[in-house]
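Analysis of the macromolecular model
Residues per chain, in single letters:
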Amino acid sequence: MDGMKVNTCILNNKDGVLTYLQHRGINKSVISAEKLEYYPYIQSGDNSSITNNLQTKSFNPDIYFKGYIVLPIFNPIDPKELISYTARNFSNPRKNAPKHKHFPGTNNVLMGQSSVNKHLNELFIVEGLFDYLTAKVLKLNVVGLLGVNNFKSCHVDFITQNFNKVFLFLDIDQAGNLAAEKIARKLYREASNKLKQINIFRLTPRKGKDLNEWYNIGFTMQEFITTCKMAEPMKIKKEKKEKVTYNKQESNTGNTTEELLELAQQIGTVEKSGDKW
């Protein structure tokens, strides 16, 4: 896909897409730097089931992403190599058109992973395309999740290897809160395994439910910096392991489990082999 060529659809405000992006606080500088693309919706056959490999000539982004704003995903090892895409519906009116589309193979790479500055001490992690683009407007060192449940061991390894201060700026809702705790637990555990110190902070917007909303409601950079400085490292509770006890549990017959096992042995319904039942 030729990002610079398709980018003209945005810059020419096709279907009002540039107006929409600017309304969301995304400027032309970020649009160009991130090679953001837009494929106008053109009525044609249903191609929602296309899952062609990126390298195959049969893959047609004009069809697969019609009506979507598209962010190219590049290889973190070779930033010039295009490896996948993530997209947000803008003008596709089909009832079954998903809000978000990730091209196969996207899940192992975070948004912006190819362009983060590994020499900086801190990293911001946000949720979703528009929070990621907003963070770029703010010139943050940032990566974006492709869904709150898509945080893999390869992402954990990448972050703990390169950063020791992580700011989680996920949505302020139940899913975002649970994801923040889950991500923090994974990062703390991996950092501990590597004998490395890491601090993880949970940021919450003073207004709105996410970074993009807060930015568009209006805040100064000083407010944002103050929010970061006032954040305290997350403290994760240890996961409780359920204790399984048998000798005091009663069955429906009134016997304890231990008594039932002894009775079963006597009548030959349970065989004991070594130390295992």
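Scroll up a little and you will see the structure.
Residues numbered from 1 in each chain as written. Predicted model: local features only at pLDDT ≥ 70, side-chain atom pairs only at ≥ 80, totals over all residues. Heavy atoms only, no water.

A look at the overall build of the protein
Where we set the bar: Helix and strand labels come from DSSP, where a helix needs a run of H or I of at least four residues and a strand needs a run of E of at least two; each type is numbered from the N terminus. Residue exposure (1.4 Å probe, protein chains only): buried if accessible area is under 20% of the type maximum, exposed if over 50%, otherwise partly exposed. In this analysis, two residues are considered to be in contact whenever any of their non-hydrogen atoms come within 4.5 Å of each other. A 1.4 Å probe and the Shrake-Rupley method give the accessible areas. Residues count as covered only by the protein chains that appear here.
Within the protein, the secondary structure is distributed over ten helices and eight strands. By the burial criterion, 42% of the 277 residues in the protein qualify as buried. In the protein, 65% of the contacts between residues at least 6 apart in sequence involve partners at least 24 apart. Just so you have it, the protein exposes about 16200 Å², and 49% of that area is on carbon and sulfur atoms.

Structural notes on the nonpolar core
What counts is decided by this rule: By nonpolar core is meant a set of buried Ala, Val, Leu, Ile, Met, Phe, Trp, Tyr and Cys residues that side-chain atoms within 4.5 Å join together.
Residues Ile10, Leu21, Ile26, Leu36, Phe124, Leu133 and Phe224 are the most contacted members of the largest nonpolar core, which totals 36 residues. Those elements giving two or more residues to this core turn out to be helix H2 (17-23), helix H3 (28-33), strand S2 (68-74), strand S5 (122-127), helix H5 (129-137), strand S7 (165-169), helix H8 (211-217) and helix H9 (221-230). When residues in this core are grouped by element, the largest group, six residues, is from H5. Non-local contacts of Leu36, meaning those with residues more than four positions away in its chain, are made with Asn7, Ile10, Leu21, Ile31, Ile69, Val70, Leu71 and Leu133. Core analysis: the second largest hydrophobic core is formed by 24 residues, Leu123, Leu145, Ala180 and Ala191 among them.

Overview of unusual backbone geometry
Even without a glycine there, the phi angle at Asn13 is positive, about 60 degrees. Along the chain, the position of Asn13 falls in the loop between helix H1 (3-11) and H2. At Leu195, a position not held by glycine, the phi torsion is positive, near 55 degrees. Mapped onto the elements of the fold, Leu195 is located in the loop between helix H7 (174-193) and strand S8 (199-202).

With respect to the sheet that holds strand S1 (residues 37-39)
Formally: Criterion used throughout: strands pair if DSSP finds at least two bridges between them. Angles here are taken between N-to-C directions and fall from 0 to 180 degrees, while the axes themselves are lines fitted to C-alpha atoms, restricted in helices to the stretch in contact.
Within the open sheet, the four strands sit side by side as S1-S2-S3-S4. Their pairing is antiparallel. Strands at the two margins of the open sheet, each flanked by one partner only, are S1 and strand S4 (100-102). Strand-to-strand twist of the sheet, defined as the mean angle between neighbouring strand axes without regard to direction, takes the value 25 degrees. Where strand S3 (residues 82-89) meets S4, three bridges bridge the pair, whose relative direction is antiparallel. Pairing of Thr86 across the sheet is with His102, part of S4. Contacting S2 and S3, H5 runs over the sheet at an angle of about 65 degrees to S2.

Notes on the pairing of S5
Summarising burial for S5: five of the six residues are buried, a large majority. As defined by bridge partners, S5 adjoins S7 across five bridges and the pair is classed as parallel. Bridge pairing in S7 places Glu122 opposite Lys165. As defined by bridge partners, S5 adjoins strand S6 (residues 142-145) across four bridges and the pair is classed as parallel. Pairing of Glu127 across the sheet is with Leu145, part of S6.

Structural notes on the pattern of salt bridges
Applicable threshold: Salt bridge, as used here: a side-chain nitrogen of Lys or Arg that lies within 4 Å of a carboxyl oxygen of Asp or Glu.
Counted by the stated rule, this structure contains six salt bridges. With a shortest N-O distance of 2.7 Å, Asp157 and Lys194 are connected by a salt bridge. Pair noted here: Asp157 is in helix H6 (residues 153-162) and Lys194 is in the loop between H7 and S8, with a separation of 37 residues, a long-range link. Look at Asp157 and you get partly exposed, because its relative accessible area is 28%. Measuring nitrogen to oxygen at the nearest pair gives 3.6 Å for the salt bridge that ties Lys209 to Asp171.

These figures capture arrangement, not role.
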